[in-house]
Amino acid sequence: MTDHALLLVNLGSPASTSVADVRSYLNQFLMDPYVIDLPWPVRRLLVSLILIKRPEQSAHAYASIWWDEGSPLVVLSRRLQQQMTTQWTQGPVELAMRYGEPSIESVLTRLAGQGISKITLAPLYPQFADSTVTTVIEEARRVVRDKQLALQFSILQPFYDQPEYLDALVVSARPHLQQDYDHLLFSFHGLPERHLNKLNPGHSLEGSGDCCANASPEVRTTCYRGQCFSVARDFAARMGLADDKWSVAFQSRLGRAKWIEPYTEARLEALAQQGVKKLLVMCPAFVADCIETLEEIGDRGLEQFREAGGEELVLVPCLNDDPQWAAALNTLCERAPVSL
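Residues numbered from 1 in each chain as written. Predicted model: local features only at pLDDT ≥ 70, side-chain atom pairs only at ≥ 80, totals over all residues. Heavy atoms only, no water.

Labelled according to an unreviewed UniProt entry, the chain appears under the name Ferrochelatase, originating from Pseudomonas hygromyciniae. The Sequence similarities (unreviewed entry) comment attached to the chain in UniProt states, word for word, "Belongs to the ferrochelatase family." Heading Subcellular location (unreviewed entry) of the UniProt record for the chain holds this comment: "Cytoplasm". (UniProt positions renumbered as here; feature names shortened; annotations may be inferred.)

Shown next as structure tokens:
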């Protein structure tokens, strides 16, 4: 074993489905300035208001999809970690969560104490966003600075357009697309429009097509919406899907701010009203199934689709611990550039 560890990082999960644990998790998550990018006093007030009712509602949602082994996101991430131990030959493979446990701080501190000097940091997010990729990197920087750790980092960059990732996505999803269905909806996690406008002032987010089709490479590097459309378009091309056989939408809105469109809720209703009876839904912003896929789409999305006139909604599983995904991830991590 060498001194070069691989650290996989995912979003995180409450420790349990108790209201207290969910409140603690939501407080840590929502108080991240990369998630709610408002001045601290305003953010604190807003989050305090959210925490009056939201923890009980979210606890119920988590309980509806919780596994005997624990949070699906954590369990599946652990399984991927185990898969990666057979792929990554340079040292140990560890797992951390940006929010909740195991924390980035605890894992980095332990690895440094074990004599590890090099770490490939792998945020498990295909597309770039400050609220996912940047906050993981900045938290690692904070820990290294505050704990004075002698660590050198390579950082996995967003891999939405990498052939290894796209091929693994196709292999994982193909069995589900071989059944009869009317339409495939790509439902990505949403973001407030101001997050994108802050990175790329003046970049148009209007319309239902690819907003980055004619954008500069610099804009494409940080435009989450454009990267989502890129994944959907490349997947459809690999699968030979007709243009009218698939569409893109964005889920998980929070608050009253304008979020990127089209919205998943509106798209589910529209597709049902257009006569779609059997709908497949993929969620390629996530590499592991979680509350946003299992409960928001698999349960509430199904109910909404049926109420609007649809009949069957099939949630296509995320990559999870698929062996080809583990092999692809290993390849991507091996060529991650040195940074930090």
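Read on, since the account is not over.
A.B. asks: Can you help me understand unusual backbone geometry in this one?
C.D. replies: Among all residues save glycine, negative phi is the norm, and among peptide bonds the norm is trans. Across the junction of Glu-101 and Pro-102, the peptide omega takes the value -5°, indicating a cis bond. Its place among the elements puts Pro-102 in the loop between strand 2 (93-99) and helix 4 (104-113). Phi is positive for Ser-252, close to 70°, though the residue is something other than glycine. Structurally, the position occupied by Ser-252 is in the loop between strand 6 (246-251) and helix 10 (264-273). For Asn-320, which is not glycine, the phi torsion reads 50° and is therefore positive. By secondary structure assignment, the location of Asn-320 is in the loop between strand 8 (312-315) and helix 13 (323-334). What makes Asn-320 buried here is its relative accessible area of 11%. (Helix = DSSP H or I, 4+ residues; strand = E, 2+ residues; numbered from the N terminus. Buried < 20%, exposed > 50% of the residue type's maximum accessible area, 1.4 Å probe, protein only.)

A.B. asks: Would you mind going over the nonpolar core with me for this structure?
C.D. replies: Nonpolar side chains tend to gather and get buried jointly when the protein is soluble and globular. Formed by 116 residues in total, the largest nonpolar core has its most connected members in Leu-8, Leu-108, Leu-184, Phe-188 and Trp-325. Here Leu-8 is in contact with Leu-80, Gln-81, Met-84, Val-93, Glu-94, Leu-95, Ala-96, Ala-122, Leu-124 and Leu-329, once residues within four sequence places are set aside. (Core = buried A, V, L, I, M, F, W, Y, C linked by side-chain atoms within 4.5 Å. Contact = heavy atoms within 4.5 Å.)

A.B. asks: For this particular structure, what's the right way to read a nonpolar patch on the surface?
C.D. replies: Among the surface-exposed residues, Leu-45, Leu-49 and Ile-52 lie close enough to one another that they form a single nonpolar patch of about 320 Å² accessible area. Topologically, Ile-52 is positioned in helix 2 (residues 40-65). (Patch = residues over 30% accessible without salt bridge, like charges linked within 9 Å, V, L, I, M, F, W, Y side chains within 5 Å. Areas by Shrake-Rupley, 256 points an atom, 1.4 Å probe, with all protein chains shown as cover. Salt bridge = Lys/Arg side-chain N within 4 Å of Asp/Glu carboxyl O.)

A.B. asks: Is there a simple way to think about the UniProt feature "binding site: Fe(2+)" (unreviewed entry) in the chain in this case?
C.D. replies: As annotated by UniProt and renumbered to match this structure, "binding site: Fe(2+)" (unreviewed entry) occupies His-189 and Glu-292. These residues run over 104 residues, yet every pair of their C-alpha atoms falls within 8.1 Å of each other. Turning to its location among the elements, His-189 is positioned in strand 5 (residues 183-189). Taking relative accessible area as the criterion, His-189 reaches 23% and is therefore assigned partly exposed. Of note, Glu-292 is situated in helix 11 (residues 291-294). Note on Glu-292: relative accessible area 17%, which makes it buried. Discounting residues that sit within four places of it in the chain, Glu-292 has contacts with His-189, Gln-251, Ser-252, Phe-286 and Ile-297.

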